[in-house]
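A structural walkthrough
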Amino acid sequence: MIIKKLEIEEGIIYQSNDSFSEKRNLIHSERNSCGKSTFLRLLFFSLGYQIPDMKGMDFSKITTSLVFEEKDKVFIVRRHGTILDVELEDGILVTYSI
């Protein structure tokens, strides 16, 4: 699986749009408490994993959109709370309740 893009939205307060490429695939910081682990938790959350809330972050209020490629097929996964929508390459939308 090759992750292409992760969009994170928490209400109208916070939005993030991170794209990945062959040249940008390292999550790194010189100091602690910059959000590296939180970013990885949000990445797993967007894939459908059950992630416990953190202090100051309620995952049920976060909407994510993840674009990834698997075996030359592109998938878009959107998650809000317990609803996971997977858009397949041919336009078919599959919805899961987690």
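Look above for the structure.
Every chain begins its residue count from 1, and numbering advances along the sequence as written. Restriction of local features to residues with pLDDT of at least 70 applies here, the model being predicted, together with a cutoff of 80 or more for giving and counting side-chain atom pairs; totals for whole chains, interfaces and linings are based on all residues. The side-chain figures draw on all heavy atoms in the structure; neither hydrogens nor water molecules are used.

1. Considering the nonpolar core
Quick note on the threshold: As used in this record, nonpolar core signifies buried Ala, Val, Leu, Ile, Met, Phe, Trp, Tyr and Cys residues forming a set joined through side-chain atoms within 4.5 Å. Each residue's exposure class comes from its accessible area (1.4 Å probe, protein chains only) as a fraction of the maximum for that residue type: buried when under 20%, exposed when over 50%, partly exposed otherwise. Secondary structure counts use DSSP, requiring at least four H or I residues in a row for a helix and at least two E residues in a row for a strand, with both numbered from the N terminus. Throughout, a contact is declared for two residues whenever any of their heavy atoms are within 4.5 Å.
Counting residues in each nonpolar core, the largest one holds 16 residues, and the members touching the most others are L6, I8, L42, F59 and I62. The set of elements that each furnish at least two residues to this core consists of β1 (2-10), α1 (36-46), β3 (62-70), β4 (73-80) and β5 (83-87). Per element, the largest residue contribution to this core is 4 residues, and it comes from α1. Beyond its immediate chain neighbours, meaning those up to four positions away, F59 contacts R41, L42, F45, I51, P52, D53, M54 and G81.

2. A short note on the packing of aromatic side chains
Defined as follows: Only Phe, Tyr and Trp rings are paired, with Trp represented by its six-membered ring, and only when their centres lie within 6.5 Å; those with planes under 30 degrees apart are stacked, over 60 edge-to-face, the remainder tilted. Sitting over a ring, as applied to charges here, requires NZ of Lys or CZ of Arg to be within 6 Å of the ring centre and within 35 degrees of the ring normal.
Counting across every chain of the model gives 3 aromatic pairs. Ring plane angle 80° and centroid distance 5.3 Å describe the contact between F44 and Y49, whose orientation is recorded as edge-to-face. Overall, the relative accessible area of 48% leaves Y49 in the partly exposed class. Between the aromatic rings of F45 and F59, the centroid separation amounts to 5.2 Å while the plane-to-plane angle is 45°, which identifies the pairing as tilted. Of this pair, F45 sits in helix α1 while F59 sits in the loop between α1 and β3, and the two are 14 residues apart along the sequence. For F45, a relative accessible area of 2% translates into the label buried. Accessibility expressed as a relative area gives 2% for F59, which makes it buried. The aromatic ring of F45 is capped on one face by R79, whose charged end is 3.9 Å from the ring centroid.

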